[in-house]
Amino acid sequence: MRARYTYQPDYAVHPGETLREKLEELGMTPKEFAVRTGKPVKTISEILNGKSSITFEMAVLFEKVLKIPAGFWIKKQSNFNELVAREKHQKELEQAIDWAKLFPYPQMAKLDFVKATRKAEEKVEELLHFFNVSKPTAWENIYMNRQTPVFFRISLKHAKNPYALSALMRMGEIKANSIEAPDFNKVVLKSILPELKNIMSNKPSDYLQQIQKKCLLAGVKVIYTHNLPKTVIHGTVRWIIDKPVLQMTDRLKRYDIFWFSLFHEIGHILLHGNKKNIFLEEINNSENKDYKEKEADNFSAQWLLSDDEYEKIITTINSGAGIMETIQYYANEFKTHKDIIIGRILYRNKDLYKFGFLQKEIEKVDFAEARKRLNPKIKKKIEIK
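Residues numbered from 1 in each chain as written. Predicted model: local features only at pLDDT ≥ 70, side-chain atom pairs only at ≥ 80, totals over all residues. Heavy atoms only, no water.

(A) Spatial organisation of unusual backbone geometry. Notably, K203 is not glycine yet its phi reads approximately 45°, a positive angle. Counting through the fold element by element, K203 comes out in the loop between α12 (193-202) and α13 (207-217). For L252, which is not a glycine, the phi torsion comes out positive at approximately 70°. Mapped onto the fold, L252 is located in the loop between β3 (243-249) and α14 (255-271). Assessed through its relative accessible area of 48%, L252 is described here as partly exposed. (Helix = DSSP H or I, 4+ residues; strand = E, 2+ residues; numbered from the N terminus. Buried < 20%, exposed > 50% of the residue type's maximum accessible area, 1.4 Å probe, protein only.)

(B) Structural context of the pairing of β3. Among the 7 residues in β3, 7 count as buried, and that is most of the element. Alternating positions in β3 separate into two faces, K243, V245, Q247 and T249 on one and P244, L246 and M248 on the other, with burial throughout. As paired elements, strand β2 (residues 235-240) and β3 share 6 bridges and run antiparallel to each other. The residue of β3 that forms the bridge with W239 is P244. (Pairing = 2+ DSSP bridges.)

(C) Geometry of α12. Of all the positions in α12, only L193, L196, K197, I199, M200 and S201 are classed as buried. Considering only its buried residues, α12 is in contact with α11 (186-191), α13, α14, α16 (291-304) and α19 (338-348). Among the residues trailing α12, K203 stands out with phi positive, at a value near 45°. (Contact = heavy atoms within 4.5 Å.)

(D) Up close: the sheet that holds β2. Ordered in space as β1-β3-β2-β4, the 4 strands form an open sheet in which the pairing is mixed. Edge positions in the sheet fall to β1 (221-225) and β4 (278-280), since each has one partner strand and no second. Ignoring which end each strand starts from, the neighbouring axes of this sheet average 25° apart. Where helix α10 (residues 162-177) meets the sheet, its contacts fall on β1, β2, β3 and β4, and the angle it forms with β1 comes to roughly 130°. Running at roughly 160° to β3, α14 makes contact with β1, β2, β3 and β4 of the sheet. (Axes fitted to C-alpha atoms, helices over the stretch in contact; angles between N-to-C directions.)

Spelled out as structure tokens, the structure:
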């Protein structure tokens, strides 16, 4: 919930003006007042002209001479200092409008992560609150310059759109922080892999929630975030407060890609589970994949449909058997999902004349229901059964 701020006046006068009025009322010159307080004439003159501040020590001395409580002068100075700071911040907001335009704000507002508004300065304020920073340079230091390596251990400088990508990552962080999880247990994570595959093959209506609950048993937080424009992320893994967080998006909305990405990220956790690692497709998954990405790909592929199983399927199809009939038969035989087989066929065979129609057979992934059940604005503890 957004913090409620108390009323802030839009004006304040420097306490030097009040001091000048009081001295005139008493018929006391600045020099005499300086002598009585034991402060240099120059110091008193600078206060009267609004060029210097009244310190706590001065306020106590003023109290002795003017019989006005020290707290009065301190409050006057504090109010003035705050107004000056807010005016400075307001100018910074105006200068940050172009920065705010770089983010997919309408989509973020539609997902309730920021307030819907057309006012440019409000958008800046909302984005600063969303990222939990005071100014755009702080955002840059975190997401571009890696100046908080414990919090965010990778630079987005080379991302296609670091602004949208940082928003997507922050959305995941906010959701992850709303879920309580036990300590990570690698053995338990390995043990639930067959159960996850069973969820995949049967596709119950609440499969997204079932995945979350199963993985939470192993201390892995699985979260779902709608994809943002100009990002190319299917899934990512990183450690947040000593817990692995597996963030999935609905990019392309294909059931086969969703599951391949899920097992791919689980592969990263099991094979490369260093807390310092962040596995981010857009940064790590270049045309020339590193060995960790290849290992995670192979892990996912072998769990969902092994090479031997695929060869049996394609051999049967090439022998003249009906394509969809063969796919459905082997999906049951190998306890996988038809979309996994279709996805593998489309990936390995570019014959669109023969296999192109399979594109329409792939089921869609929709996070809308998951979003309703796990509202990011409500902190909710997922029960482990």
